[in-house]
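For reference, the chains in residue letters:
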Amino acid sequence: MSGVNKVILIGRLGKDPEVRAFENNVKKATFPLATSEFRKDKEGNKIELTEWHNIVCWRNLAETAEQFLTKGKLIYLEGKIRTRNWEDNGVKKYITEIEAGTFTMLSPKEENKSTETQVLNVPPPPPVVENAPEPSAPDFSDDLPF
């Protein structure tokens, strides 16, 4: 039986994607993604715990990331955990990355609009009329088809 290697994250980009092009115009985009959760400490104070993930996107997904993702954007991401190792001056180094298979942008298109502008674009509620008579049901007794 084969194993399952699937990661699902919802978080914010820590910086704009860095994109590199390799031979045959294959692109690779990398960026950090922050996920946060909230807990209470022993005194009952709310604390935020943030975990940083190294994200890697390849080919078309890298091009999409380059085009649409920027620092601070909220995304939903699915991918796989990958661990790489290399030797640097005789010292073996390791890194764990998330190889993205797909992502969905969750941030609104115009996230940077001020609240004041957004409130002005909301249509006003209908006026409230106090002591208005309730509408009566229409009388269809004379509207017989025969």
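Draft legend 1. Here's a closer look at the side chain of Thr35. Relative to the elements of secondary structure, Thr35 occurs in strand S3 (residues 27-40). At 2.9 Å, the side chain of Thr35 and the side chain of His53 are in polar contact. Residues within four places of Thr35 in sequence aside, it is in contact with Leu9, Ile10, Gly11, Leu49, Thr50, Glu51 and His53.

Draft legend 2. Structural detail: the packing of aromatic side chains. Tallied over the entire structure, the rule returns one aromatic pair. Relative to Trp58, the ring of Phe22 lies with its centre 6.0 Å away and its plane at 35 degrees, an arrangement referred to as tilted. On the criterion of sequence distance, the pair formed by Phe22 in the loop between strand S2 (18-21) and S3 and Trp58 in strand S4 (residues 46-58) is long-range, its members being 36 residues apart. Its guanidinium or amino end placed over the ring of Phe38, Lys46 lies 4.8 Å from that ring's centre, counting from NZ or CZ.

Draft legend 3. Here's a closer look at the confidence of the model for the chain. For the chain, mean pLDDT is 82; residues scoring 70 or higher make up 74% of the total. Counting contacts from residues 113-130, a segment whose pLDDT is below 50, to residues more than four positions away or on other chains yields three contacts.

Draft legend 4. Structural context of empty space enclosed by the protein. Applying the stated criterion to the full structure yields one cavity of 30 Å³ or more. Forming the boundary of the largest cavity are Glu18, Arg20, Lys28 and Thr30. Listed by contribution, the elements that provide at least two residues to the lining of the largest cavity are S2 and S3. Here the residues of the lining of the largest cavity are counted per class, giving no nonpolar, one polar and three charged.

Draft legend 5. Quick look at the nonpolar core. Grouped together as the largest cluster of nonpolar side chains are 17 residues, with contacts concentrated most on Phe31, Ile55, Cys57, Ile75, Leu77 and Phe103. When residues of this core are traced back to their parent elements, those giving at least two are strand S1 (7-13), S3, S4, helix H1 (59-68), strand S5 (74-88) and strand S6 (91-105). Discounting residues that sit within four places of it in the chain, Cys57 has contacts with Lys27, Lys28, Ala29, Phe31, Ala62, Ala100 and Phe103.

Draft legend 6. Looking closely at the pairing of S1. In this structure, S1 lies alongside S5, joined through six bridges in antiparallel fashion. Bridge pairing in S5 places Arg12 opposite Leu74. Relative to S3, S1 runs antiparallel, the two sharing two bridges. The residue of S3 that forms the bridge with Leu13 is Leu33.

Draft legend 7. Looking closely at the pattern of salt bridges. For the structure shown, the criterion picks out seven salt bridges. Linking Lys15 and Glu18 is a salt bridge whose minimum nitrogen-to-oxygen distance equals 2.8 Å. The partly exposed category is assigned to Glu18, whose relative accessible area is 39%. For Lys27, the salt bridge goes to Glu66, with nearest N and O atoms at 3.1 Å. Pair noted here: Lys27 is in strand S3 and Glu66 is in helix H1, with a separation of 39 residues, a long-range link.

Cut-offs and rules
- Residue positions are counted from 1 within each chain, in the order its sequence is given.
- In keeping with the model being predicted, local features are shown solely for residues with a pLDDT of at least 70 and side-chain atom pairs are shown and tallied solely at 80 or more, while totals for entire chains, interfaces and linings include all residues.
- Computation of side-chain values: all heavy atoms of the structure, hydrogens and water removed.
- Put simply, DSSP marks the helices as runs of H or I at least four residues long and the strands as runs of E at least two long, and each gets a number from the N terminus on.
- Contacts described as polar in this section are N or O atom pairs within 3.5 Å, which, within protein, must combine one atom able to donate a hydrogen with one able to accept it, while residues neighboring in sequence count only if both atoms come from side chains.
- Residue contacts are counted whenever heavy atoms from the two residues lie within 4.5 Å of one another.
- Side-chain rings of Phe, Tyr and Trp (the six-membered ring for Trp) are treated as a pair once their centres are within 6.5 Å; stacked means planes under 30 degrees apart, edge-to-face means over 60, and tilted covers the remaining angles.
- Ring-over charges, as used throughout, are those where CZ of Arg or NZ of Lys falls within 6 Å of the ring centre and within 35 degrees of the ring normal.
- Residue-level confidence of the predictor is summarised by pLDDT, bounded by 0 at the bottom and 100 at the top.
- Cavities and pockets are defined on a 1 Å grid built over the protein atoms alone: a cavity is a set of grid points where a 1.4 Å probe fits but cannot escape, while a pocket is an open set with protein on both sides within 12 Å along at least five of seven lines, and lining residues are those with an atom within 4 Å of any such point.
- Grid points are joined across faces, edges and corners, and a volume is the space filled by probe spheres set on the points.
- In this classification, the charged set is Asp, Glu, Lys and Arg, the nonpolar set is Ala, Val, Leu, Ile, Met, Phe, Trp, Tyr, Cys and Pro, and all remaining amino acids, among them Gly, are polar.
- Residues belong to one nonpolar core when they are buried, are Ala, Val, Leu, Ile, Met, Phe, Trp, Tyr or Cys, and are joined through side-chain atoms within 4.5 Å.
- Working definition: with a 1.4 Å probe on protein chains only, accessible area under 20% of the residue-type maximum means buried, over 50% means exposed, and in between means partly exposed.
- Whether two strands pair depends on DSSP finding at least two bridges between them.
- Criterion for a salt bridge: a side-chain nitrogen of Lys or Arg within 4 Å of a carboxyl oxygen of Asp or Glu.

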